[in-house]
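Residues per chain are reported as follows:
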Amino acid sequence: MKWLSIVGARPQFVKAAVIAQSIECLEPGKRPVHRLVHTGQHFDRSMSAVFFRDLPLPKPAYRLGVGGLPPAVQLGRMTERLDRIIDKERPDAVIVYGDTTSTLAGALAAAARHRPVAHIEAGLRSFNRRMPEETNRVLTDHASTWLFCPSRHAAEQLAREGITRGVHVVGDVMVDALRQSAARVTAAGPATLKRRGLSAREYYLATVHRAENTESAAPIAALFQGLNQLERPVVLPLHPRTRGLLERAGWKPSRGGALRVVNPVPYHEMLVLEQHARSILTDSGGVQKEAYFWGVPCVTLRRETEWVETVTAGWNRLVGLEPGAVRSAVASFSEAVRSARRPALYGRGRAGDAIVRRLMKDLKN
Ligand code: UDP
């Protein structure tokens, strides 16, 4: 049996590593061949190579090198190249992850060659069609044979869209990834904080990269100016897209402020920074969930989220980008939040095994 995983962006490396690990846990004679295709959507070393170094990922069997293009052009080129690979490899299943251009390209190419698609992280919606990710999710779900949902809420959304077959609520593979790393991350904490000159709970961690938040430089520059005035350090591992936007606009933070702009950090270091932050400010989907897992209050720099359960549970606030609103959310999101209940909203870290088991079973029949 052969499975092809299509990856290309940072969070997809994390998710595919979980599937690779669950395959490894099968008895040697019973494992499917698992080939990885790296589309090249993320190509910066800090956004790609470091993840292959740190996570249990197989070396990509194919590298498409389709990075740095407008989304529609990228989609076309990826789909064309994936078509050739799928035709040659004839996989029994094509696995796609999340909501990027690589996800949709994989789903379209597989569907065109009548190969069944497994979508990991199915059923999520922001209902904001200005987000390219929203279109990617909706179309991928409607082209998939297996829809692996992180929560019941996601499965209910699929049902509202008429999709009920092949839907499996398995939990979130990112919880698996985090749990598999948790002991190592906790052990690395003190040394990492020391090296970065930080004290636990005495700094904020921020990330901003969503396409809808990086259409123009002015709102981001205003936000960063606001963050620069916070009373504790703000560590900002800056995504290349956001960095490029600010550089083209000639913006730099004024010296002596709270903001500490750094390059994107490797996954385990990111988890350390999350675990010990006072609060997290982010527009990332993955980082919102990770904040919840660690029990760190999250201020989301968007007006809506796909991960609505974290908001309902009281650990996440949707604030947008406006600097005044962000500052007051950070100030008012008190330590008291930390004692709120934190049920396992997205499973207990066994999603990868459930997905692999289900695919094995269905493909044998
Ligand atoms: N991440 C990382 N280094 C960073 C920033 C994020 O390893 O400097 C990880 C983060 O811990 C999470 C994933 O990347 O596991 C989230 O990816 P991203 O924010 O790019 O995408 P999203 O989740 O919004 O799709």
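To keep things clear, this report deals only with the structure shown in the data block. (Residues numbered from 1 in each chain as written. Predicted model: local features only at pLDDT ≥ 70, side-chain atom pairs only at ≥ 80, totals over all residues. Heavy atoms only, no water.)

## A word on the overall build of the protein chain
1) Next: When helices and strands are counted, the protein chain shows 14 helices and 13 strands.
2) Next: For the protein chain, whose C-alpha radius of gyration is 20 Å, the value lies close to the compact-globule estimate of 21 Å for 365 residues.
3) Next: In terms of overall dimensions, the protein chain has C-alpha extents of about 60 × 40 × 40 Å along its principal axes.
4) Next: Residues classed as buried in the protein chain amount to 58% of the 365 residues present.
5) Next: For the protein chain, restricting intrachain contacts to residue pairs at least 6 apart in sequence, the fraction spanning at least 24 positions comes to 70%.
6) Next: Of the roughly 15,400 Å² of accessible surface on the protein chain, a fraction of 51% belongs to carbon and sulfur atoms.
7) Next: With 53 positive and 34 negative side-chain charges, the protein chain shows a spacing of 3 Å between the two charge centroids. (Helix = DSSP H or I, 4+ residues; strand = E, 2+ residues; numbered from the N terminus. Rg over C-alpha atoms; globule rule 2.2 N^0.38 Å. Buried < 20%, exposed > 50% of the residue type's maximum accessible area, 1.4 Å probe, protein only. Contact = heavy atoms within 4.5 Å. Areas by Shrake-Rupley, 256 points an atom, 1.4 Å probe, with all protein chains shown as cover. Lys, Arg positive; Asp, Glu negative; His and termini not counted. Charge placed at Lys NZ, Arg CZ, Asp CG, Glu CD.)

## Remarks on the packing of helix H1 (residues 10-24) against helix H7 (residues 173-196)
1) Next: At a minimum axis distance of 9 Å, the contact between H1 and H7 shows a crossing angle of 75 degrees. When the axes of H1 and H7 are compared, the pair comes out roughly perpendicular. Contacts between H1 and H7 involve Val14, Lys15, Val18, Ile19 and Gln21 from the first element and Val173, Met174, Asp176, Ala177 and Gln180 from the second.
2) Next: For the contact of H1 with H7, the class distribution of residues is six nonpolar, two polar and two charged. (Axes fitted to C-alpha atoms, helices over the stretch in contact; angles between N-to-C directions. Parallel < 35°, antiparallel > 145°, perpendicular 65-115°, else oblique. Nonpolar A, V, L, I, M, F, W, Y, C, P; charged D, E, K, R; others polar.)

## Focus: helix H3 (residues 71-89)
1) Next: Across its 19 residues, H3 extends 26 Å between first and last C-alpha, which sits within 8% of the 27 Å expected from 1.5 Å per residue.
2) Next: All of the buried residues along H3 are Gln74, Met78, Thr79, Leu82, Ile85, Ile86 and Glu89. Down the axis of H3, the buried set is contained in an arc of 135 degrees. They therefore lie on one face. Residues Ala72, Arg84 and Lys88 are exposed on H3 and point more than 90 degrees away from its buried face.
3) Next: Note on H3: the residue one or two positions beyond its end, Arg90, has a positive phi of about 45 degrees. (Expected span 1.5 Å × (residues − 1). Arc of directions from axis to C-beta.)

## Here we look at the sheet that holds strand S2 (residues 33-38)
1) Next: If you trace the seven strands from one edge of the open sheet to the other, you get S3-S2-S1-S4-S5-S6-S7, paired in parallel fashion. The two strands at the open ends of the sheet, each matched to only one other strand, are strand S3 (62-63) and strand S7 (167-169).
2) Next: Across three bridges, strand S5 (residues 117-120) lies against strand S6 (residues 146-149) in parallel orientation. Bridge pairing links Ile120 to Phe148 in S6.
3) Next: In this fold helix H14 (residues 351-364) packs onto strand S1 (2-7), strand S4 (93-97), S5, S6 and S7, with an angle of close to 160 degrees to the strand it touches most, S6. (Pairing = 2+ DSSP bridges.)

## Thoughts on the packing of aromatic side chains
1) Next: As enumerated under the stated definition, the model contains six aromatic pairs in all.
2) Next: Look at Phe13 and Phe51: their rings are 6.0 Å apart centre to centre, the planes differ by 45 degrees, and that puts the pair in the tilted class. With Phe13 in helix H1 and Phe51 in helix H2 (residues 49-54), this residue pair connects regions lying 38 residues apart in the sequence.
3) Next: Note on Phe51: relative accessible area 3%, which makes it buried.
4) Next: When the centroid spacing of 6.5 Å and the interplanar angle of 90 degrees are considered together, the rings of Tyr292 and Trp315 count as edge-to-face. With Tyr292 in helix H11 (residues 285-294) and Trp315 in the loop between helix H12 (308-312) and strand S13 (316-318), the pair connects residues that are 23 residues apart, well separated along the chain. Pair check on accessibility: Tyr292 and Trp315 agree, each one buried.
5) Next: Among the aromatic residues, ring-to-ring pairing joins Phe13, Phe51 and Phe52 into one connected group.
6) Next: If you follow Arg342 out to its NZ or CZ, it ends over the ring of Trp315, 5.5 Å from the centre. (Phe/Tyr/Trp six-rings, centres within 6.5 Å; stacked < 30°, edge-to-face > 60°. Lys NZ or Arg CZ within 6 Å of the ring centre and 35° of its normal.)

## Here we look at the sheet that holds strand S8 (residues 204-207)
1) Next: Spatial ordering of the open sheet is given by S10-S9-S8-S11-S12-S13, a layout of six strands whose pairing is parallel. Of all strands in the sheet, those bounded by a partner on one side alone are strand S10 (259-262) and S13. Averaged over all adjacent pairs, the angle separating strand axes in this sheet is 20 degrees, with direction ignored.
2) Next: With four bridges joining them, strand S9 (residues 234-237) and S10 adopt parallel strand pairing. Considered in S10, the bridge of Pro237 is made with Val262.

## Considerations on the site of the ligand
1) Next: If you check the shell around the ligand, you find 18 residues, and the closest are Arg210, Val265, Ser284, Gly286 and Glu290.
2) Next: Within the contact set of the ligand, an oxygen atom lies 3.5 Å away from a side-chain nitrogen or oxygen of Glu274.
3) Next: In this structure, Ser284 approaches the ligand through a side-chain N or O atom, which is 2.7 Å from an oxygen atom.
4) Next: Relative to its unbound accessible area of 540 Å², the ligand is 97% covered by the protein chains.
5) Next: Those elements that place two or more of their residues in the shell around the ligand are H1, helix H10 (267-275) and H11.
6) Next: Counted by class, the shell around the ligand contains 10 nonpolar, four polar and four charged residues. (Near = heavy atom within 4 Å. Polar contact = N/O pair within 3.5 Å; in protein donor to acceptor, adjacent residues only side chain to side chain.)

## Comments concerning the pairing of S8
1) Next: Taking every second residue as pointing to the same face, both faces of S8 are buried, with Tyr204 and Ala206 on one and Leu205 and Thr207 on the other.
2) Next: Pairing geometry for S8 and S9, over two bridges, is parallel. Each residue of the ladder has a partner; that of Tyr204, found in S9, is Val234.
3) Next: Of the strand pairs in this sheet, S8 and strand S11 (residues 279-282) are connected by four bridges, and their pairing is parallel. Note on S11: the bridge partner recorded for Ala206 is Leu281.

## Focus on the environment of Asp44
1) Next: Considering the arrangement of structural elements, one finds Asp44 in the loop between S2 and H2.
2) Next: On the basis of relative accessible area, Asp44 is assigned to the partly exposed category, the value being 33%.
3) Next: Each C-alpha atom of the pair Asp44 and His239 lies 9.9 Å from the other, and the pair is 195 residues apart in sequence.
4) Next: Side-chain polar atoms of Asp44 contact the side chain of Ser46, separated by 3.0 Å.

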